Amino acid sequence: MNAKRQLGEFLQTRRSQLKPEDVGLATYGDRRRVSGLRREELALLAGVSSSYYSRLEQGQSSNASAEVLDALAGALRLDETERRHLHDLADGTRRRPAARRAVPERVTPAVRQLITALGEVPALVLGRRSDVLTWNRAGHALFAGHLDRSAPQRAETRPNMAHLVFLDPHTRDLYVDWAAKARAVVGTLRMASGQHPDDPALAALIGELSVKSPDFSRMWAAHRVKSGGEPVYEMRHPLVGLLSVTQQSLRTEPGQNVVVATTEAGSPSHAAMTLLMHAAGTR
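*Asks:* Explain the side chain of N160 here, please?
*Replies:* Mapped onto the fold, N160 is located in the loop between α7 (137-144) and α8 (161-167). With relative accessibility at 10%, the residue N160 sits in the buried group. Among the polar contacts listed, one links the side chain of N160 to the backbone oxygen of R129, at a separation of 2.8 Å. For N160, the side chain forms a polar contact with the main-chain nitrogen of H163, separated by 2.9 Å. Those residues in contact with N160 that sit more than four places away from it in its chain are R129, S130, D131 and L205.

In structure tokens:
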């Protein structure tokens, strides 16, 4: 993945999504060839020269200061997550590409203890490329009971959550609002690509999904990054039916997150989850 190109595409996409009236610019009825802001208009709002901004968007500059990036973020009305992503992309343009082979991701003993201690609460650990590094029995039953439970133990057989969401029919049917889950997955990969622009395995995953899934290709082109919060998903599980699940993400090792799925105590969803855990324990 080319860091300069990623930075330029992110700026261009966000600029095209802002209209003059969104930022208080008068157009005086002139005919516009672009739907969003012009480069010179965004440069004016950010307080930088039009030629400098054009070079930045065209991938011809890699020396944007933190102050300039913050000014651009303000002009583009980025939220805090998007602002951090912009800085990550700019940092990537200054680094030399890493030639060494990526070290396989591993889960620490402490994180394995945490996953085990969660017991009947579904949990799994995702690596920076959304690989499932480990899961507990409950996490396996909720998210991928149709797969071999031991698959995450070997790097060559590890499930990949992005791959499952876009290319696995079982996982696609699992989410009532599949598009919301898919956008969150793409947003997470966008953030990872900004933080690890020289990761060949991540680039290969994005390339594969872009070729095999038109939905992924379209969402990836939007350059959205995942925002904060704890999303609640309606899930349609083949064993227990509908349940409403809150998915919380807890960062552990760099690039790794523990994803925990909970239901409201006393709710029908909690009863369905209890039934699913009982079924998983007796299979």
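*Asks:* Whenever I open this one, the sheet that holds strand β1 (residues 123-126) confuses me. Can you help?
*Replies:* The strands that make up a sheet are held in pairs by hydrogen bonds between backbone atoms, and each pair lies either parallel or antiparallel. Within the open sheet, the five strands sit side by side as β2-β1-β5-β4-β3. Their pairing is antiparallel. Each edge of the open sheet is held by one strand with a lone partner, namely β2 (132-135) and β3 (232-237). Each adjacent strand pair in this sheet contributes to an overall mean axis angle of 30°, direction not counted. By the bridge criterion, four bridges tie β1 to strand β5 (residues 257-262) in an arrangement that is antiparallel. Among the inter-strand pairings, A123 is bridged to a residue of β5, identified as V260. Sitting on the sheet, α7 touches β1, β2, β3, β4 (241-251) and β5, and the angle it makes with β3 is about 80°.

*Asks:* Just to check I follow, could you spell out the packing of helix α10 (residues 178-195) against helix α11 (residues 200-212) for this structure?
*Replies:* When two helices pack together, you describe them by how their axes are tilted relative to each other and by the distance separating the axes. Where α10 meets α11, the closest approach of the two axes is 11 Å, and the angle between their N-to-C directions is 145°. The two elements α10 and α11 meet at a crossing, and its hand is left-handed. Residue-level contacts link L189, A192 and S193 of α10 to L202, L205, I206 and L209 of α11. Among the residues making up the contact of α10 with α11, the classes are represented as six nonpolar, one polar and no charged.

*Asks:* What should I look at first to understand α11 in this one?
*Replies:* A turn of α-helix holds 3.6 residues, and therefore any two residues three or four places apart point the same way. Between its terminal C-alpha atoms α11 stretches 18 Å, which fits the 18 Å expected from 13 residues at 1.5 Å a residue. Every buried residue of α11 is listed here: L202, L205, I206 and L209. Along the axis of α11, the buried residues cluster in a sector spanning 95°; they form a single face. Seen from the open side of α11, the exposed residues pointing more than 90 degrees away from its buried face are P200, V211 and K212. Against α8, α10 and α12 (214-221) lie the buried residues of α11. The N-capping residue of α11, defined by a side-chain oxygen 3.0 Å from the backbone nitrogen of A201, is D199.

*Asks:* So what exactly am I meant to see when it comes to the pairing of β1 here?
*Replies:* What you see with β1 is no split at all: A123 and V125 on one side and L124 and L126 on the other are buried throughout. Of the strand pairs in this sheet, β1 and β2 are connected by three bridges, and their pairing is antiparallel. When the sheet's bridge partners are listed, L126 is paired in β2 with V132. Here β1 folds back onto β2 in antiparallel fashion, the turn holding five residues, of which S130 has a positive phi close to 75°.

*Asks:* It is not clear to me how the environment of G194 should be interpreted in this structure. Could you clarify?
*Replies:* Mapping G194 onto the fold places it in helix α10. With relative accessibility at 2%, the residue G194 sits in the buried group. Expressed as a C-alpha distance, the spacing of G194 and R129, which sit 65 residues apart in the sequence, is 12 Å.

Basis of the calculations
Residues numbered from 1 in each chain as written. Predicted model: local features only at pLDDT ≥ 70, side-chain atom pairs only at ≥ 80, totals over all residues. Heavy atoms only, no water. Helix = DSSP H or I, 4+ residues; strand = E, 2+ residues; numbered from the N terminus. Buried < 20%, exposed > 50% of the residue type's maximum accessible area, 1.4 Å probe, protein only. Polar contact = N/O pair within 3.5 Å; in protein donor to acceptor, adjacent residues only side chain to side chain. Contact = heavy atoms within 4.5 Å. Pairing = 2+ DSSP bridges. Axes fitted to C-alpha atoms, helices over the stretch in contact; angles between N-to-C directions. Left-handed = near helix turned anticlockwise from the far one by under 90°. Nonpolar A, V, L, I, M, F, W, Y, C, P; charged D, E, K, R; others polar. Expected span 1.5 Å × (residues − 1). Arc of directions from axis to C-beta.

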